[in-house]
Amino acid sequence: MKREVDMVILSDVHLGTYHCHARELQQYLKSIKPKTLVLNGDFIDSPERNEGTFPKAHMKIIKRVLKMSAKGTKVYYITENQDDQLRRQSDFSKGHIHLRDQLLLQLHGKKYWISHGDHIGLMAPYAPILPRLGDKGYHYLLSLSRTYHQLRQRFCSSFAPNNPKRISKSVQAVDQFEHLATQFAADKGCDFVICGHTHKPNMRLVKHKQRTVTYLNAGDWVEHLTALEYNWGEWRLFSYKEVAF
């Protein structure tokens, strides 16, 4: 029996990469029946970064989304910094599939701004190649992280302790991103801002001047396996790891 949900938001799925948990995402998508599905950026990685490979399990996700659309689910695909070609076709709609750079919604009297958030980062004013380098570096670090944890489990030893300074800088960068996102949303007169990009699932209130903005982030399907679900006028952060299918 599928769960009926008013809206589901996914971000940073990274189909086409080794790190994407496509089988888990497929299981999750099979378990729900959303009225609206928002793919909030970094859904599919560009061919030059995945070396032309596209596993069958990842193709099944695309087919699943198309099948959901054919059965009446409204699908919004939000572009991000890797979607140069798609951004030239923004505001395109066909059937239940809609391509947007960002999305403004009204839900239960509240105004929402939905954006992947790649333009919010501190590197946005610089050359367009910088976000790509950062993304490549991120996937490279994930590869190192997986290898490290596998070796650590095998030998039961910690030979590469965490660097507190790097962790602190990472936390500061995410905090600053969330602050800027909520500030932009407040300037737009929005009550909620929903982003991806940082891969960090989160729900928090941030006050800017006289306006309180709710910041939401759907996380990813690389590390956290999370999604945002909206039903009965309330949001919740779904975690695949905490649910037994």
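### Quick word on the packing of aromatic side chains
Given two aromatic rings, their pairing is described by the distance between the two centres and the angle made by the two planes.
Then, number 1: For the structure shown, the criterion picks out seven aromatic pairs.
Then, number 2: Ring geometry for Tyr112 against Trp235: centres 6.0 Å apart, planes inclined by 50°, an arrangement best described as tilted. Of this pair, Tyr112 sits in strand β7 (residues 110–114) while Trp235 sits in strand β12 (residues 234–239); the two residues are 123 residues apart in sequence, bridging distant segments of the chain.
Then, number 3: Owing to a relative accessible area of 2%, Tyr112 belongs among the buried residues under this scheme.
Then, number 4: Site record: aromatic cluster; members linked through ring pairs are Tyr28, Trp221, Phe238 and Tyr240.
Then, number 5: A cation over an aromatic ring shows up here: Lys188 above the ring of Trp113, its NZ or CZ 5.1 Å from the ring centre.

### Some thoughts on the nonpolar core
Then, number 1: With 26 residues, the main nonpolar core has Leu10, Tyr28 and Trp221 as its most contacted residues.
Then, number 2: Counting residues in hydrophobic clusters, the runner-up holds 17 residues, among them Met7, Ile194, Leu228 and Trp235.

### Describing helix α1 (residues 22–30)
Then, number 1: Of all the residues in α1, the buried ones are Ala22, Leu25, Gln26, Tyr28 and Leu29. Axial view of α1: buried residues confined to an arc of 165°, hence all on one face.
Then, number 2: Those residues of α1 that are buried lie in contact with β1 (3–10), β2 (32–40), α3 (56–70), β11 (226–231) and β12.

### Considering the side chain of Asn40
Then, number 1: Take Asn40: it is sitting in strand β2.
Then, number 2: Reaching out from Asn40, the side chain makes a polar contact with the backbone oxygen of Ser115 at a distance of 3.3 Å.
Then, number 3: Beyond its immediate chain neighbours, meaning those up to four positions away, Asn40 contacts Ile9, Leu10, Ser11, Ile78, Ile114, Ser115, His116, Ile194, Cys195 and Gly196.

### Looking at the packing of α1 against α3
Then, number 1: Running from amino to carboxyl end, α1 crosses α3 at an angle of 20°, the nearest separation of the two axes being 9 Å. It follows that α1 is roughly parallel to α3 by the angle criterion. Here α1 and α3 pass one another in a crossing that is left-handed. Across from Ala22, Arg23, Leu25, Gln26, Leu29 and Lys30 in α1, the residues of α3 making contact are Ala57, His58, Lys60, Ile61, Arg64 and Met68.
Then, number 2: Classifying every residue of the contact of α1 with α3 by side-chain character gives six nonpolar, two polar and four charged.

### Points about the pairing of strand β3 (residues 74–78)
Then, number 1: Counting buried positions along β3 gives four out of five residues, so the element sits mostly inside the fold.
Then, number 2: Both β3 and strand β5 (residues 97–100) contribute to a ladder of four bridges, which runs parallel. Each residue of the ladder has a partner; that of Tyr77, found in β5, is Leu99.

### Concerning the sheet that holds β5
Then, number 1: Read across the open sheet, the seven strands follow the order β4-β5-β3-β2-β1-β11-β12; overall the sheet is mixed. Here the strands that pair on one side only, and so sit at the sheet edges, are β4 (92–94) and β12. Here the strands of the sheet are splayed against their neighbours by 20° on average, with no regard to which way each runs.
Then, number 2: Judged from the seven bridges that link them, β1 and β2 form a sheet pairing that is parallel. Bridging from a neighbouring strand, Leu10 pairs with Leu39 of β2.
Then, number 3: The strands that α1 touches are β1, β2, β11 and β12; relative to β1, the one it contacts most, it runs at about 145°.
Then, number 4: α3 contacts β2, β3 and β5 of the sheet and is inclined by roughly 125° relative to β2.

### A look at the confidence of the model for the chain
Then, number 1: For the chain, the average pLDDT comes to 80, and 72% of its residues sit at 70 or higher.
Then, number 2: Per-element confidence in the chain ranges from a low mean pLDDT of 44 for helix α5 (residues 129–155) to a high of 98 for β11.
Then, number 3: For the stretch residues 122–134, pLDDT sits under 50, and the model shows 10 contacts to residues farther than four places along the chain or on other chains.
Then, number 4: Here residues 140–161 is modelled with pLDDT under 50, and outside its nearest four sequence neighbours on either side it reaches 14 contacts, counting other chains as well.

### Regarding the pairing of β11
Then, number 1: Counting buried residues in β11 gives five out of six residues, a clear majority hidden from the surface.
Then, number 2: Bridging between β1 and β11 involves three bridges; their strand directions are antiparallel. In the strand pairing of β11, Val8 is matched with Glu229.
Then, number 3: As paired strands, β11 and β12 are joined by six bridges and run antiparallel to one another. Its bridge partner lying in β12, Leu228 is registered against Leu237.
Then, number 4: Counting the residues in the hairpin turn of β11 and β12 gives two residues, including Trp232, whose phi is positive at 55°.

What counts and what doesn't
Residues numbered from 1 in each chain as written. Predicted model: local features only at pLDDT ≥ 70, side-chain atom pairs only at ≥ 80, totals over all residues. Heavy atoms only, no water. Phe/Tyr/Trp six-rings, centres within 6.5 Å; stacked < 30°, edge-to-face > 60°. Helix = DSSP H or I, 4+ residues; strand = E, 2+ residues; numbered from the N terminus. Buried < 20%, exposed > 50% of the residue type's maximum accessible area, 1.4 Å probe, protein only. Lys NZ or Arg CZ within 6 Å of the ring centre and 35° of its normal. Core = buried A, V, L, I, M, F, W, Y, C linked by side-chain atoms within 4.5 Å. Arc of directions from axis to C-beta. Contact = heavy atoms within 4.5 Å. Polar contact = N/O pair within 3.5 Å; in protein donor to acceptor, adjacent residues only side chain to side chain. Axes fitted to C-alpha atoms, helices over the stretch in contact; angles between N-to-C directions. Parallel < 35°, antiparallel > 145°, perpendicular 65-115°, else oblique. Left-handed = near helix turned anticlockwise from the far one by under 90°. Nonpolar A, V, L, I, M, F, W, Y, C, P; charged D, E, K, R; others polar. Pairing = 2+ DSSP bridges. pLDDT = per-residue confidence, 0-100.

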